[in-house]
Amino acid sequence: MWAFALKRAGATLVTLWAASVIIFAFIHVIPGDPIYVLLGDTATADQADRLRTELGLDEPIVLQYLQWAGRALSGDLGRSIFFQAPVAAVIADGAETSILLATMTMVWVVLIGVPIGTVAAMRHGTWLDQGLSGVAMLMASVPTFWVGLYLILIFAATLGWLPSSGYPSIFEGGLGNLRYLLLPSLTLAAPNAALILRLTRASMLDVAREDYVRTARAKGIRPWQVVTRHILRNALLTVVSAFGFTFAALMSEAVVTETVFALPGIGRLVVQSILRRDYPVIQGIILVIVVLYLVINLLVDLAYRFLDPRVELQ
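Residues numbered from 1 in each chain as written. Predicted model: local features only at pLDDT ≥ 70, side-chain atom pairs only at ≥ 80, totals over all residues. Heavy atoms only, no water.

Taking an unreviewed UniProt entry as the reference, the chain is identified by name as ABC transporter permease belonging to Undibacter mobilis. Under the Subcellular location (unreviewed entry) heading, UniProt states for the chain: "Cell membrane". Heading Sequence similarities (unreviewed entry) of the UniProt record for the chain holds this comment: "Belongs to the binding-protein-dependent transport system permease family." (UniProt positions renumbered as here; feature names shortened; annotations may be inferred.)

In structure tokens:
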């Protein structure tokens, strides 16, 4: 167990190094100059050169990478060109919204996808199975911004039950402010819950054909015990893998949703930073997302051993 964990941690660090090189290289390939974004088109060449030297953007690209990577190892992601503040502080300002949004979305995905997928698998071939599968395909194929706009139209504009945009921090107004994230989280959950529903159904149908499931049924074990102890538990190995990818993907999918609902999150900050050519913020956000992605997948790999003790981690 520990040997596997150390091996996966080593592979994670190598992947993180490769990702940092790619992130830094591609960010500096983006057309545009942050100097003229800050100073405006009327800036003189001398003013641009002075600011470029002050920010260290006139140094060789390799030296800039080594300096950035060295600071990142100590937790310093640099200083925002636009905000003139530490990148970590800029990211932290939007982190609360994005983390809560991703967490609430995952709760919806689990509560909707797994139970309905289980029901569809247990009623395989019936009208109920066909209906649930059809709804899942519909939700997976509809763009998230369309779902978000119609949720705003129904629950905010027409019924007036929930707010349509913005998000005041829970540290200022309490947990009641989570209602601002209900519609965005449902918007993000729609396609991802459909994916988990389909995956749960397909995985359970595969497991239900195994010999040990037929043996359990032949012994006269109650149907619900066969489903929960023998089918669902083994089918969850595949579903848990999808949870890891889904949670990490939510950070990138949130860009559109945060724009539609005017949420002050990481996704919206990414779009603004790209338009401003704020290299340190873009690099910092992508690096944090990569770290989250790697850590979540490492935890998912380790979770296999706890879900099914028969799984050997090699």
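## A short note on the UniProt feature "transmembrane region" (unreviewed entry) in the chain
Per the UniProt record, "transmembrane region" (unreviewed entry) is found at residues 12-30, 99-122, 134-161, 181-199, 231-251 and 281-300. Secondary structure within residues 134-161 divides into 82% helix and 0% strand; the distance between the first and last C-alpha atoms comes to 29 Å. This span, residues 181-199, is 95% helix and 0% strand, and a straight line between its end C-alpha atoms measures 26 Å. (Helix = DSSP H or I, 4+ residues; strand = E, 2+ residues; numbered from the N terminus.)

## A closer look at the nonpolar core
Note on soluble globular proteins: their nonpolar side chains tend to be buried together. Counting residues in each nonpolar core, the largest one holds 42 residues, and the members touching the most others are Val114, Tyr167, Ile196, Met204, Ile231, Phe243 and Leu263. Among the secondary structure elements, those contributing two or more residues to this core are α5 (87-122), α7 (144-158), α9 (182-208), α10 (211-218), α11 (223-260) and α13 (279-307). If one sorts the elements of this core by residue count, α11 sits on top with 11 residues. Each residue touching Phe243, except ones within four places of it in the same chain, is listed here: Met106, Val109, Val110, Val114 and Ile196. Counting 20 residues, the second-largest nonpolar core is a separate cluster that includes Ala69, Val87, Val90 and Val281. (Core = buried A, V, L, I, M, F, W, Y, C linked by side-chain atoms within 4.5 Å. Buried < 20%, exposed > 50% of the residue type's maximum accessible area, 1.4 Å probe, protein only. Contact = heavy atoms within 4.5 Å.)

## Examining the domain arrangement of the chain
Examined at the domain level, the chain breaks down into domain 1 (14-88) and domain 2 (92-307). For domain 1 and domain 2, the distance between their C-alpha centroids amounts to 34 Å. Taken residue by residue, the interface counts 24 residues in domain 1 and 17 residues in domain 2. The junction of domain 1 with domain 2 conceals about 1,900 Å² of combined surface from both sides, 76% of it contributed by carbon and sulfur atoms. In terms of surface lost to domain 2, no three residues of domain 1 exceed Leu16, Ile23 and Ile27, which account for 25% of the buried area on that side. Put simply, domain 1 and domain 2 have one residue pair in polar contact (both at pLDDT 80 or more) between them. (Domains from an automatic or database assignment. Buried area = accessible area lost by both parts, 1.4 Å probe. Polar contact = N/O pair within 3.5 Å; in protein donor to acceptor, adjacent residues only side chain to side chain.)

## Describing the packing of α7 against α9
Interaxial distance between α7 and α9 falls to 9 Å at its minimum, and their mutual angle equals 140 degrees. Here α9 runs oblique to α7, going by the angle between their axes. α9 is crossed by α7, and the crossing has right-handed handedness. Here Thr144, Val147, Gly148, Leu151, Ile152 and Phe155 of α7 come into contact with α9, specifically with Leu183, Leu186, Thr187 and Pro191. When grouped by side-chain class, the residues that make up the contact of α7 with α9 number seven nonpolar, three polar and no charged. (Axes fitted to C-alpha atoms, helices over the stretch in contact; angles between N-to-C directions. Parallel < 35°, antiparallel > 145°, perpendicular 65-115°, else oblique. Left-handed = near helix turned anticlockwise from the far one by under 90°. Nonpolar A, V, L, I, M, F, W, Y, C, P; charged D, E, K, R; others polar.)

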